[in-house]
2 protein chains.
Amino acid sequence: MTPVLKSVQTTLTEGVIELGVGHPTLDMLPLTFMQQAAAHRFAQGDPSFLQYGAEWGDGFLRTELAAFLTGQYAFPVDPEELFISGGVSQALDLICAMFTQPGDAIIVEDPTYFLALDIFRNHRLRIVAAPVDAHGLEVDALAALVAAHRPRLVYTIPTHQNPTGATLSAERRLQLVNLAQEHDFLVVADEVYHLLTYGDLPPPSLAAHVGTGQVISLGSFSKILAPGTRLGWISARADRLEVLARNGMVASGGGFSPLGSALIRSMIELGLLPRYIQGLRDTFRVRAAALTDALRALPVTFLPPQGGYFVWLTLPGGLDSAALLDGAVPQGVRFQPGNRFSPEHTQADKIRLCFAYYAEDDLREGVRRLGQALRAGV
Amino acid sequence: MTPVLKSVQTTLTEGVIELGVGHPTLDMLPLTFMQQAAAHRFAQGDPSFLQYGAEWGDGFLRTELAAFLTGQYAFPVDPEELFISGGVSQALDLICAMFTQPGDAIIVEDPTYFLALDIFRNHRLRIVAAPVDAHGLEVDALAALVAAHRPRLVYTIPTHQNPTGATLSAERRLQLVNLAQEHDFLVVADEVYHLLTYGDLPPPSLAAHVGTGQVISLGSFSKILAPGTRLGWISARADRLEVLARNGMVASGGGFSPLGSALIRSMIELGLLPRYIQGLRDTFRVRAAALTDALRALPVTFLPPQGGYFVWLTLPGGLDSAALLDGAVPQGVRFQPGNRFSPEHTQADKIRLCFAYYAEDDLREGVRRLGQALRAGV
């Protein structure tokens, strides 16, 4: 039975450095900024955000968000092509509900964000795995899979991918969109890490291609503000968003969290959101460097991340990551074994480390412990 | 295309009294109480409610809510049997996702809450209609339908039903639970109006029967606090709730709106929630009386509501409510025609009026205009 007083999703074990956790640190969360935003919003004296909200989300937030994204993405974002979601997980659920039938194929990256897979399984989709390399989804291999499986959706994390950290090249982005137009599937681009870049700038967000009607780009306030808001956004052509707004749950309950939306609206109006994101980038840049510097002492290979939360390691000599984890826990360190991210269990010699949760000293100590486990295991 | 600045779900027409709207009035929403709750919560200095939340919802809110419901329901409510939902619409979506297969039968009341039907259709359920009378769902007729259709779910609004206002009798409640045990279906009880009683007290909430494993009772902060929180609760046996927590979206994104949950927790801790509900009851009691008193001058029949939001009228001489609506709009009044609530379109001579949105003078004026339309139509 769940302990009743559990409030946060992940409970850490005292004394163990949990490099598998994919969350920001608790003390980095913007408590003071959100407090200012709440004070600002309540001071307006307008109770509209306590009422049933418009199905597409709060129009004021959509307008503010469009202006914010226009600045961040460096291309125009139209508020009419934004829908406020309950975060990426909810957006994926809604997209599956409205754009798929049970038995439809969905192509995902292998490896991919493992918790998305159960959402697709809940909708009885057939999951087909496509390979990725250092430049993201291998679009040539994808083309063959598309021809064979005729998918309704292709789910990709194009920028600072979870778990590999790879970013889809500009050339492949165009190939992907062309392929989607040719075969009429929807590209569902999970772009939650796009705004968290600390190194080389990625190509433009896939939201640049929503006008084709084949691309749905997902963003989240979980990664650039606070997971507890349970809010994000869906960028797509307006006719696609109209389909989502017709979902029974949305038509009945109205848009997602007008209360949280109103606070985020104030965050943007007060100029706090870009300031907060800049602080995240500064912190994560240092943490990513600390983790990768420490990892260079280990017999592992990896792609240095240019953003996001993660480093993806290849273990030496085909070492099995699940077995390594068994040996690592007594050393006081945990991580995500590779096969969790693989719908076809092809990633046994990989592990995912997160640099978002811990500060530099803990990251270095975690790597030291991982090194001990590796020496015992190799 | 949706006007981008639309923020609330329903936009009213100037000069028209919209007795069809099923919302509370904007100026009744608890802006000041929520402001106090936000100030209280932020003052604690704990950012946990900005982190990913526990799948079952915030443990502190579950504990406070259990104590609150124990007082309101007058029987013990266990926090281990509460799950924080994103409101009833989201709860219905989640229950369908985890407890049904496409093609399963669901039995609903005829008439019922019309917007629930599209949620069931999204999950490809077969909708079967069961009759209701002045004492709620006709359980004998239900028994025959259960034998014929072997439903997975029976969806009922047992107290102050939407749209009829009828309350399921104590005897029928027991029969319903026995039937569910005998035929192993789940009773999904939408009890959003249970705490909004202004007249005769209803029998105990169906949450009293969650221990059987056959009953899932749904509550909502939309009706007793503010729709914009998009939060509610699911009362069920813990093993049922564990199934809901395994949903892919919930496992990925964590519990629903930790931010909103933290504010509601403070509302309860500060004693503001019961005060607010008492104010709602006092207001709605007067409004319900004003509406029903005015209606006695019209050639319609109805069951005087003992709570909830609605009065359900039978029109004279089998008059068609859709045609009447066409005649009513030029008179400056609107309502919900009966067939919107009927999966089998058996309610053509009925209309639903809501007394929650307007104050007494507007309600009386609305009835006067309705009378004009009736005289023109009869």
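Sequence positions are assigned chain by chain, starting from 1 and proceeding in written order. Think of it this way: whatever chain is written first is A, whatever ligand is written first is 1, and the rest follow in order. Side-chain atom pairs in this predicted model are given and counted only at pLDDT of 80 or more, local residue features only at pLDDT of at least 70, and totals for whole chains, interfaces and linings cover all residues. Think of the side-chain values as coming from all heavy atoms in the structure, minus any hydrogens and water.

S.K.: Outline the interface of chain B and chain A, listing residues and values.
M.R.: Residues count as neighbours in contact if any of their non-hydrogen atoms are within 4.5 Å of one another. With 79 residues of chain B at the contact, the number on the chain A side is 79 residues. Two parts placed together each lose some accessible area under a 1.4 Å probe, and the buried area is that loss summed for both. For the pair chain B and chain A, the summed buried surface comes to about 6,700 Å²; carbon and sulfur atoms form 60% of the total. Here a salt bridge means any side-chain nitrogen of Lys or Arg lying within 4 Å of a carboxyl oxygen belonging to Asp or Glu. Taken together, chain B and chain A are joined by 2 salt bridges. Of the charged contacts in the structure, one is a salt bridge between Lys6 of chain B and Glu55 of chain A, with a shortest N-O distance of 3.8 Å. Within 3.5 Å is the distance limit for a polar contact, defined as a pair of N or O atoms, with the added protein rule that one can donate a hydrogen and the other accept it, and that residues adjacent in sequence qualify only through two side-chain atoms. The interface formed by chain B and chain A contains 40 residue pairs in polar contact (both at pLDDT 80 or more). Of the residues assigned to the side of chain B that touches chain A, the class counts are 38 nonpolar, 29 polar and 12 charged. By the convention adopted, Pro, Cys, Tyr, Trp, Phe, Met, Ile, Leu, Val and Ala count as nonpolar, Lys, Arg, Asp and Glu as charged, and the other residues, Gly among them, as polar.

S.K.: Lay out the packing of helix H1 (residues 31-43) of chain A against helix H10 (residues 258-269) of chain A with the relevant residues and their values.
M.R.: Each packed pair of helices is defined by two parameters, the angle between the axes and the distance between the axes. Residues and elements named next belong to chain A. Close contact between H1 and H10 brings their axes to 8 Å; oriented N to C, the two are set at 105 degrees. With respect to H10, the axis of H1 lies roughly perpendicular. Judged by residue contacts, Phe33, Met34, Ala37, Ala38, His40 and Arg41 of H1 engage Ala262, Leu263, Arg265, Ser266, Met267 and Glu269 from H10. Residues belonging to the contact of H1 with H10 are distributed by class as follows: 7 nonpolar, 2 polar and 3 charged. Lines are fitted to the C-alpha atoms to define the axes, a helix being fitted only along its stretch in contact, and any angle between axes, read from their N-to-C directions, falls within 0 to 180 degrees. Starting at the N terminus, helices and strands are each numbered in turn, a helix being any DSSP run of H or I of at least four residues and a strand any DSSP run of E of at least two. Angle categories are assigned with fixed cut-offs, so that under 35 degrees is roughly parallel, over 145 is roughly antiparallel, 65 to 115 is roughly perpendicular, and the rest are oblique.

S.K.: So what's going on with the pairing of strand S7 (residues 186-190) of chain A? Residues and values would help.
M.R.: All names here are of chain A. The buried label applies to any residue whose accessible area, calculated with a 1.4 Å probe on protein chains only, is under 20% of its type's maximum; exposed applies above 50%, and partly exposed to all values in between. Most of S7 is tucked away: 5 of the 5 residues are buried. Side chains Leu186, Val188 and Asp190 project from S7 onto one buried face, and the interleaved Val187 and Ala189 project onto a second face that is buried too. Should DSSP find at least two bridges between two strands, the strands are regarded as paired. When strand S6 (residues 153-156) meets S7, the two strands line up parallel, connected through 4 bridges. Among the inter-strand pairings, Tyr155 is bridged to a residue of S7, identified as Val188. Orient the strands so they point away from the viewer; a crossover is then right-handed if the path from the first strand over the helix to the second runs clockwise. Handedness of the crossover joining S6 and S7 through helix H6 (residues 170-183) is recorded here as right-handed. Across 4 bridges, the pairing between S7 and strand S8 (residues 215-220) is parallel. Bridge pairing in S8 places Val187 opposite Val215.

S.K.: For the side chain of Gln336 of chain A, give the residues involved together with the corresponding values.
M.R.: Residue and element names in this part refer to chain A. With respect to the helices and strands, the residue Gln336 is situated in strand S13 (residues 336-337). Under the relative-accessibility criterion, Gln336 is labelled buried at 12%. A distance of 3.3 Å separates a polar atom in the side chain of Gln336 from the backbone oxygen of Gly20. Among all residues touching Gln336, those that are not within four sequence positions of it are Gly20, Phe114, Phe341, Lys350, Ile351 and Arg352.

S.K.: Could you give me a rundown of the domain arrangement of chain A, with the residues and numbers involved?
M.R.: Residues and elements named next belong to chain A. According to the domain assignment, chain A consists of domain 1 (17-29 + 274-377) and domain 2 (33-272). Where a domain begins and ends is set by an automatic assignment or by a domain database. Put simply, the middle of domain 1 and the middle of domain 2, counted by C-alpha atoms, are 26 Å apart. On the side of domain 2, 33 residues touch domain 1, which itself brings 28 residues to the contact. In this assembly, domain 1 packs against domain 2 so that about 2,900 Å² is buried in total across both faces, 63% of it on carbon and sulfur atoms. At the surface where domain 1 touches domain 2, the tally comes to 0 salt bridges. Counting the contacts that link domain 1 with domain 2 gives 16 residue pairs in polar contact (both at pLDDT 80 or more). Mapped by element, the contributors of at least two residues to the side of domain 1 that touches domain 2 are helix H11 (272-295) and strand S11 (310-314). The element best represented in the side of domain 1 that touches domain 2 is H11, accounting for 8 residues. Across the side of domain 1 that touches domain 2, the residue classes break down as 15 nonpolar, 7 polar and 6 charged.

S.K.: Just give me the short version of the nonpolar core, but keep the residues and values in it.
M.R.: Soluble globular proteins: nonpolar side chains tend toward being buried together. We define a nonpolar core as any set of buried Ala, Val, Leu, Ile, Met, Phe, Trp, Tyr and Cys residues linked to one another through side-chain atoms lying within 4.5 Å. Formed by 264 residues in total, the largest nonpolar core has its most connected members in Phe83, Phe120 and Tyr155 of chain A together with Phe83, Phe120 and Tyr155 of chain B. Leave out the neighbours within four places in its chain, and Phe120 of chain B touches Leu92, Cys96, Ile106, Val108, Leu125, Ile127 and Tyr155 of chain B.

S.K.: Account for the relation of the copies chain B and chain A, naming residues and giving values.
M.R.: Superposing copies: least-squares fit, C-alpha atoms only, residues required to have pLDDT of at least 70 in both. Of the two same-sequence chains, chain B is brought onto chain A (RMSD 0.0 Å, axial shift 0.0 Å) by a rotation of 180 degrees. Put plainly, the chains are arranged around a two-fold axis. Of the interface residues in chain B, 100% have counterparts in chain A that sit at the interface too, so the contact is made through matching surfaces.

S.K.: How would you explain the packing of aromatic side chains if you had to name every residue and give the values?
M.R.: Aromatic contacts are taken between Phe, Tyr and Trp rings whose centres are within 6.5 Å, Trp giving its six-membered ring; a plane angle under 30 degrees counts as stacked, one over 60 as edge-to-face, and the others as tilted. Considering all chains together, one arrives at 32 aromatic pairs over all chains under this definition. Aromatic pair Tyr357 of chain B and Tyr358 of chain B: ring centres 5.0 Å apart, planes at 75 degrees, arrangement edge-to-face. Among the residues examined, Tyr357 of chain B registers a relative accessible area of 18% and is labelled buried. Three or more aromatic residues joined by ring pairs form one cluster here, namely Tyr193, Tyr198, Phe284, Tyr309, Phe310 and Phe355 of chain A. Charge-over-ring placement is defined geometrically: NZ (Lys) or CZ (Arg) within 6 Å of the ring centre, and within 35 degrees of the ring normal. The side chain of Arg265 of chain A reaches across the aromatic face of Phe60 of chain A, ending 4.2 Å from its centre.

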